[in-house]
Protein chains: 2
Amino acid sequence: MAGGIGSRFWPMSTPECPKQFIDVLGCGRTLLQLTVDRFKRICPLENIWVVTSEAYADIVSEQLPEVPVANILKEPCRRNTAPCIAYVSWRIKKQNPKANVVVTPSDHIVMNVAEFERVILSGLNFTRETDSILTLGMKPNRPETGYGYIQADLGCATARNKEIFRVDSFREKPDLATATRYIRKNNYFWNAGIFLWNVSTIVNAFRVYQPGIAEIFERLMPVLAKEEEQEAVNREFPKCENISVDYGIMEKVEEIFVLPANFGWSDLGTWGALHERTPHDAYGNACIGKNISVYETRNCMIHTTQERKVVVQGLDGFIVAEKNDTLLICKLSEEQRIKQFSE
Amino acid sequence: MAGGIGSRFWPMSTPECPKQFIDVLGCGRTLLQLTVDRFKRICPLENIWVVTSEAYADIVSEQLPEVPVANILKEPCRRNTAPCIAYVSWRIKKQNPKANVVVTPSDHIVMNVAEFERVILSGLNFTRETDSILTLGMKPNRPETGYGYIQADLGCATARNKEIFRVDSFREKPDLATATRYIRKNNYFWNAGIFLWNVSTIVNAFRVYQPGIAEIFERLMPVLAKEEEQEAVNREFPKCENISVDYGIMEKVEEIFVLPANFGWSDLGTWGALHERTPHDAYGNACIGKNISVYETRNCMIHTTQERKVVVQGLDGFIVAEKNDTLLICKLSEEQRIKQFSE
């Protein structure tokens, strides 16, 4: 899934080139490329599908020259994750009705790629043999109010896989008191938006819980993978309800499973999250950029995507972010106002 | 005089394009252009001479297309103000031995241009009729330790011009206690480096007080304004002593005069001086640039030379300066370290 607009990472992320297409970590690879890299030992490249907005299709094929152009699906408009997943699921089903699928956002980071690989392969082994929907649950380390939580029944591991458990409930983004209560227990996990299933399982779930969306793609089925596909999708896709897969499917399905995992995940939803996840100097500064000098500066997140010389003196707890013709200097504690600033 | 390198205004001012060639005030004219503008009603443009470094000659002729190219004199190396003034004085003397001359830096600002014009014309009236050296004395408003001072004998106005006084002494940059003592009296003035004289007066002063420099230009006299000029200057100019006109001439001359003046002068020697001299918002921010937004920000000097979007939140007392590929964020109180930062 590569259709997001990343408004919270302005000015690094802009509607013209959002976060997933940016080398956020300054490592030479964009978040999208890093996401694909994580799957290179899990499946062949021709089995990687990218769903994105029409406007980003060229960026995707530029950044992923090894992924077949036909595997880049173009949404004519933004309709949240349920229609996005429906589209690619019907498309894959047409090609291989027994496909075993991992769905993932393309703008998250994973620090421990080996563990990620192990977890995904363990999960795919499970979904290959069952008709179950599997989610990954991230071990929380703080009472984050920006994520949804998955409540697991840890007393009830599945017979097939001892690290997979039945889900008791999905919980929407909690308030701080509730989040604090969750993380005191050990059976609440962050919902990372990574799902594993057999393609027939999710298609059936759409038929049951999102019949409106299912109907649209059943109607599109004959033209998928044909020349008329894009035109028909452009006409029909906008009719889909704007709804997330969590709300539209996950929270409604009777039996659903979770694989608790700990591979250094972050959705990098905020500058603060990036600050936390990237290497710091001794004074808590995370500097991403080739020519950044700091003096008497602490706890700052400094990000410049070009080969720019930056000198920062005397700041504490600030974001300094620069891209093209835009510069943001803002307290980390005020970053929820970035959307306002960008306007 | 347009040969300075403006190292204290980094990154706006760089050795490739120092301060005098920059639109420091964001008004659409560079400091050099503003300096020439101030003289447009005082003398014809063909009487304006610019002495600069070889490296800057193209910038000067680009910025001053109305000044004859032959009036742009090129120093092959930096030798401080005395050789610079000697060069242009001998050159002007060759053309007009009776020329009445104003010497001025090109990287200062004057807020009250009408008063500047009045003062200069008053001074020129004086030097036209006498063989005296005249300096301008700026009324000080603070115990500045970065300027030299002129001590005037206010009891002794000249017979020809009631606002011109004999100079008692030139004082080099004082310490704070001395500067404070100076400004408690009313007869100490800042030396702005603006001088008025008849060309024969200054040439004679060089002969008496800087015979080494005078000898070099006497030797050059036959080739000045000829094709061989630049080649000869390139060979001889480097032999000049590296010395300021203040130290080499002013402080040695027996009889010298000062015209106290108050036309909103600043040498813009520091970011702080620019901050003080440019319009502020209600919170003490001076923003020079077309697209700067500030939130909860006070007492900042924000300068961007391009059409760049800048958002600043939560700063107090900082310089934010951006040019080309360089960004500086630094406390105003630490700006004396800018030279270090730029290295």
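Going by the structure above, here's the rest.
Since we're looking at a predicted model, the values are computed, not measured.

1. Quick notes on the packing of aromatic side chains
Two aromatic rings, taken as a pair, are described by how far apart their centres are and by the angle between their planes.
All names here are of chain A.
Okay, step 1: Applying the stated criterion to the full structure yields 34 aromatic pairs over all chains.
Okay, step 2: On the numbers, 6.0 Å between centres and 65° between planes, the contact of Trp 90 with Phe 206 is edge-to-face. With a gap of 116 residues between them, Trp 90 in helix H3 (residues 81-95) and Phe 206 in helix H6 (residues 199-209) connect regions that are remote in the sequence.
Okay, step 3: We classify Phe 206 as buried; its relative accessible area is 0%.
Okay, step 4: Among the aromatic residues, ring-to-ring pairing joins Tyr 87, Trp 90, Phe 206, Phe 217 and Phe 237 into one connected group.
Okay, step 5: Over the ring of Phe 116 we find Arg 38, and its NZ or CZ is 5.4 Å from the ring centre.

2. Here's the deal with unusual backbone geometry
All names here are of chain A.
Okay, step 1: With an omega dihedral of 0°, the bond running from Trp 10 to Pro 11 counts as a cis peptide bond.
Okay, step 2: Summarising the element assignment, Pro 11 is placed in the segment before helix H1 (31-38).
Okay, step 3: Even without a glycine there, the phi angle at Asn 299 is positive, about 55°.
Okay, step 4: With respect to the helices and strands, the residue Asn 299 is situated in the loop between strand E12 (291-295) and strand E13 (301-304).

3. Quick word on the relation of the copies chain B and chain A
Okay, step 1: Overlaying chain B on chain A yields an RMSD of 0.1 Å, the required transformation being a rotation through 180° with an accompanying axial translation of 0.1 Å. Given the turn and translation reported, the copies of this chain are related as if by a two-fold rotation axis.
Okay, step 2: Most of the interface of chain B is mirrored in chain A, where 100% of its interface residues are also at the interface.

4. Topic: the nonpolar core
Okay, step 1: In this structure, Trp 90, Ile 133, Trp 197, Phe 206, Phe 217, Ile 249 and Met 250 of chain B are the most contacted members of the largest nonpolar core, which totals 48 residues.
Okay, step 2: Per-element accounting of this core gives the leading share, eight residues, to helix H3 (residues 81-95) of chain B.
Okay, step 3: When neighbours within four sequence positions are excluded, Trp 90 of chain B is seen to be in contact with Val 203, Phe 206, Ala 214, Phe 217, Glu 218, Met 221 and Leu 224 of chain B.
Okay, step 4: Membership of the second largest hydrophobic core comes to 47 residues, among which are Ile 85, Ala 232, Ile 243 and Ile 249 of chain A.

5. What to know about the pairing of strand E6 (residues 149-157) of chain A
Okay, step 1: Two elements, E6 of chain A and strand E7 (residues 165-171) of chain A, share six bridges in a ladder whose sense is antiparallel. Within E7 of chain A, the residue paired with Gln 151 of chain A across the bridge is Ser 169 of chain A.

6. Things to note about the pattern of salt bridges
Okay, step 1: Applying the stated criterion across every chain yields a total of 40 salt bridges over all chains.
Okay, step 2: Among the ionic pairs, Glu 115 of chain A bridges to Arg 118 of chain A, the shortest N-O distance being 3.1 Å. Of this pair, Glu 115 of chain A and Arg 118 of chain A both sit in helix H4 (residues 113-129), three residues apart, which is roughly one turn of that helix.
Okay, step 3: Relative accessible area serves as the criterion here: at 39%, Arg 118 of chain A is assigned to the partly exposed category.
Okay, step 4: Taking the shortest distance from any N to any O, the salt bridge between Arg 337 of chain B and Glu 296 of chain A comes out at 2.7 Å. Taken together, the residues span two chains, with Arg 337 of chain B in the loop between strand E16 (326-331) and helix H11 (338-342) and Glu 296 of chain A in the loop between E12 and E13.
Okay, step 5: Several salt bridges converge on common partners, so that one network encompasses Glu 215, Arg 219, Arg 235, Glu 236 and Lys 239 of chain A.

7. With respect to the sheet that holds strand E13 (residues 301-304) of chain B
Okay, step 1: Across the sheet, which stays open at both edges, the six strands sit in the order E12(A)-E14(A)-E16(B)-E15(B)-E13(B)-E11(B) with mixed pairing between neighbours. Strands at the two margins of the open sheet, each flanked by one partner only, are E12 of chain A together with strand E11 (286-288) of chain B. With strand direction ignored, the average angle separating the axes of adjacent strands in the sheet is 5°.

8. Considering the environment of Gln 20 of chain B
Residues and elements named next belong to chain B.
Okay, step 1: Mapped onto the elements of the fold, Gln 20 is located in the segment before helix H1 (31-38).
Okay, step 2: Assessed through its relative accessible area of 1%, Gln 20 is described here as buried.
Okay, step 3: Residues Gln 20 and Gly 6, 14 residues apart in the sequence, show an inter-C-alpha distance of 7.9 Å.
Okay, step 4: Looking at Gln 20, its side chain comes within polar contact range of the main-chain oxygen of Ala 2, at 3.1 Å.

9. Regarding the sheet that holds strand E11 (residues 286-288) of chain A
Okay, step 1: Reading across from one edge, E11(A)-E13(A)-E15(A)-E16(A)-E14(B)-E12(B) is the order of the six strands in this open sheet, with mixed pairing throughout. Here the strands that pair on one side only, and so sit at the sheet edges, are E11 of chain A together with strand E12 (291-295) of chain B. Averaged over all neighbouring strand pairs, the angle between strand axes comes to 5°, with direction disregarded.
Okay, step 2: Across five bridges, E12 of chain B lies against strand E14 (residues 309-313) of chain B in parallel orientation.

10. Points about the interface of chain B and chain A
Okay, step 1: Contact with chain B, which involves 28 residues of that partner, is made by 28 residues of chain A.
Okay, step 2: Counting the contacts that link chain B with chain A gives two salt bridges.
Okay, step 3: Taken together, the connections running from chain B to chain A amount to 16 residue pairs in polar contact (both at pLDDT 80 or more).
Okay, step 4: Taken together, the elements giving at least two residues each to the side of chain B that touches chain A come down to E14, strand E15 (318-323), E16 and H11 of chain B.
Okay, step 5: Of all the elements, E16 of chain B adds the most residues to the side of chain B that touches chain A, at six residues.
Okay, step 6: By the bridge criterion, four bridges tie strand E16 (residues 326-331) of chain A to E14 of chain B in an arrangement that is parallel. Within E14 of chain B, the residue paired with Leu 328 of chain A across the bridge is Val 311 of chain B.

The rules we used
- Residues numbered from 1 in each chain as written.
- Chains lettered and ligands numbered in written order.
- Predicted model: local features only at pLDDT ≥ 70, side-chain atom pairs only at ≥ 80, totals over all residues.
- Heavy atoms only, no water.
- Phe/Tyr/Trp six-rings, centres within 6.5 Å; stacked < 30°, edge-to-face > 60°.
- Helix = DSSP H or I, 4+ residues; strand = E, 2+ residues; numbered from the N terminus.
- Buried < 20%, exposed > 50% of the residue type's maximum accessible area, 1.4 Å probe, protein only.
- Lys NZ or Arg CZ within 6 Å of the ring centre and 35° of its normal.
- Least-squares fit on C-alpha atoms with pLDDT ≥ 70 in both.
- Contact = heavy atoms within 4.5 Å.
- Core = buried A, V, L, I, M, F, W, Y, C linked by side-chain atoms within 4.5 Å.
- Pairing = 2+ DSSP bridges.
- Salt bridge = Lys/Arg side-chain N within 4 Å of Asp/Glu carboxyl O.
- Axes fitted to C-alpha atoms, helices over the stretch in contact; angles between N-to-C directions.
- Polar contact = N/O pair within 3.5 Å; in protein donor to acceptor, adjacent residues only side chain to side chain.

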